[in-house]
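Observations on the three-dimensional arrangement
The chain contents come next:
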Amino acid sequence: MTIAFDDVRAAADRIAGRTRPVVLTPMDPGALGEAEGWLALEFMQHTGSFKARGAINFLSSYIDAGLMPDAGVVIASGGNAGLACAWAAAQHSVTATVFVPVTAPAVKVAKLEQLGASVRKIGAEYADALAASQKFTAETGALQSHAYDHPLIAAGAGTVMEEIVQARPDLDTVVLAVGGGGLFTGVAVSALEHGVGVVAVEPQGCCALRSALDAGEVVDVAVESVAADSLGARRTSEMALEWARKDGVRSVVVAEEAITSARQALWDHRRIAVEHGAATALAALTSGVYRPEPGERVAVILCGANTDPCDLTASTHAC
């Protein structure tokens, strides 16, 4: 499977009016030294994450082509991709079955059920849920979607970068968190087309893309991170590895403590409650793992907010 810029442009046309345009807000003066930055508030997207973009692009493509089976769509997901798939399916009155690990946050499982999806819990990791969903497809004929490893999913995710560039055509760099690589792939395709550099950020406890780059091929990795519920893919996609090797892309890894600190800072200073996965992108800047050059213009994508805010220490006694 591969993806090109034309796929992102087609996705943007297909989902126009169905998703919420991303909002950019300036970062605090001095937060980036002599650089300038914006937070891209993609966690305000339908279902609370960027995943809605890829899901609606994926389902709409199959429905438009008359290829949606009576058994509906099935997906394996730690939560966000399942939420997006269930939401997109509901828009088209399509049955959605979502397999999640037993470790999936209760807040995400509850939302899946509210969206009308049939939720099935199995295994401790995403890989276990994926295997079960593939067996379900073989038995029922349901359309197999994927949390990240499909060109239509990645292209849909990349539409957020098109909107960021439209808002800030002078942008130099985009910083984003990486799990399996769907968002990264789509964003990289769009960003590099527009001459924007990409910083791909992963937690130390689950860095499938960095490990693939080091090994020269996709490899399995351990998943032991505070951000595992959204970034905990055991392996990255071949598409992500292909685009991570392009000029203009930089891969960095941040410590677990930096992620929790960045998430807490967003709450303390802006009252923004995001997932650890979303805070991972910001952690690259707050920890100094990525230091922009003077005058560099940087956008940080905050990609999801399906989280329990009770572990945020400021003003959470009511939880």
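The structure displayed is predicted, hence computed values, not measured ones.

Take the nonpolar core next. Formed by 69 residues in total, the largest nonpolar core has its most connected members in M161, I164, F184, V300 and I301. In this structure, C85, A86, W87 and V109 belong to the second largest nonpolar core, which totals 39 residues.

Another point: the packing of helix α2 (residues 51–64) against helix α6 (residues 151–167). Two numbers describe how α2 lies on α6: the axes approach to 7 Å, and their chain directions differ by 130°. Between α2 and α6, the crossing angle belongs to the class labelled oblique. For α2 against α6, the interelement crossing comes out right-handed. Along its contact with α2, which presents R53, G54, A55, N57, F58, S61 and Y62, the element α6 presents L152, I153, A155, G156, A157, T159, V160 and E163. Considered class by class, the residues forming the contact of α2 with α6 number 8 nonpolar, 5 polar and 2 charged.

It is worth spelling out the pattern of salt bridges at this point. Counting across every chain of the model gives 9 salt bridges. For R168, the salt bridge goes to D170, with nearest N and O atoms at 2.8 Å. Accessibility expressed as a relative area gives 23% for R168, which makes it partly exposed. The class of D170 is partly exposed, set by a relative accessible area of 28%. The residue R263 makes a salt bridge to D311 at a minimum N-O spacing of 3.0 Å. Within this pair, whereas R263 is found in helix α11 (residues 256–270), its partner D311 is found in the segment after β10 (297–301), the two being separated by 48 residues in sequence. Residue classification places R263 among the buried residues on the basis of a relative accessible area of 2%. Taking the relative accessible area as the measure of exposure, D311 reaches 43% and is therefore partly exposed. What you see here is one network of salt bridges that share partners, running through R168, D170, D172 and R297.

Turning next to empty space enclosed by the protein. Applying the stated rule across the entire model yields 1 cavity of 30 Å³ or more. Looking at the largest cavity, its volume works out to about 110 Å³. Looking at the largest cavity, it is lined by 17 residues, and the ones nearest its centre are K51, G54, A55, A147 and I153. Of all elements in the fold, only α2, α3 (80–91), α6 and α7 (182–193) reach the threshold of two or more residues within the lining of the largest cavity. Among the elements that make up the lining of the largest cavity, the one with the highest residue count is α2 (4 residues). Across the lining of the largest cavity, the residue classes tally to 12 nonpolar, 4 polar and 1 charged.

Estimates place the volume of the largest pocket at around 520 Å³. Ranked by residues supplied to the lining of the largest pocket, first place goes to helix α9 (residues 228–231) with 4 residues. Of the residues assigned to the lining of the largest pocket, the class counts are 18 nonpolar, 13 polar and 4 charged. One number sums up the size of the second largest pocket: a volume of about 210 Å³. If you go around the second largest pocket, the residues you meet are M27, D28, A31, L32, L39, A265, L266, H269, R270, L282, L285 and T286. Of all the elements, α11 adds the most residues to the lining of the second largest pocket, at 4 residues. A per-class count over the lining of the second largest pocket returns 8 nonpolar, 2 polar and 2 charged.

Cut-offs applied
- Residues numbered from 1 in each chain as written.
- Predicted model: local features only at pLDDT ≥ 70, side-chain atom pairs only at ≥ 80, totals over all residues.
- Heavy atoms only, no water.
- Core = buried A, V, L, I, M, F, W, Y, C linked by side-chain atoms within 4.5 Å.
- Buried < 20%, exposed > 50% of the residue type's maximum accessible area, 1.4 Å probe, protein only.
- Axes fitted to C-alpha atoms, helices over the stretch in contact; angles between N-to-C directions.
- Helix = DSSP H or I, 4+ residues; strand = E, 2+ residues; numbered from the N terminus.
- Parallel < 35°, antiparallel > 145°, perpendicular 65-115°, else oblique.
- Left-handed = near helix turned anticlockwise from the far one by under 90°.
- Contact = heavy atoms within 4.5 Å.
- Nonpolar A, V, L, I, M, F, W, Y, C, P; charged D, E, K, R; others polar.
- Salt bridge = Lys/Arg side-chain N within 4 Å of Asp/Glu carboxyl O.
- 1 Å grid on protein atoms, 1.4 Å probe; cavity = no way out; pocket = protein on both sides within 12 Å on 5 of 7 lines; lining within 4 Å.
- Points joined across faces, edges and corners; volume = space filled by probe spheres on them.

Keep in mind that these numbers describe shape and distance, not what the molecule does.
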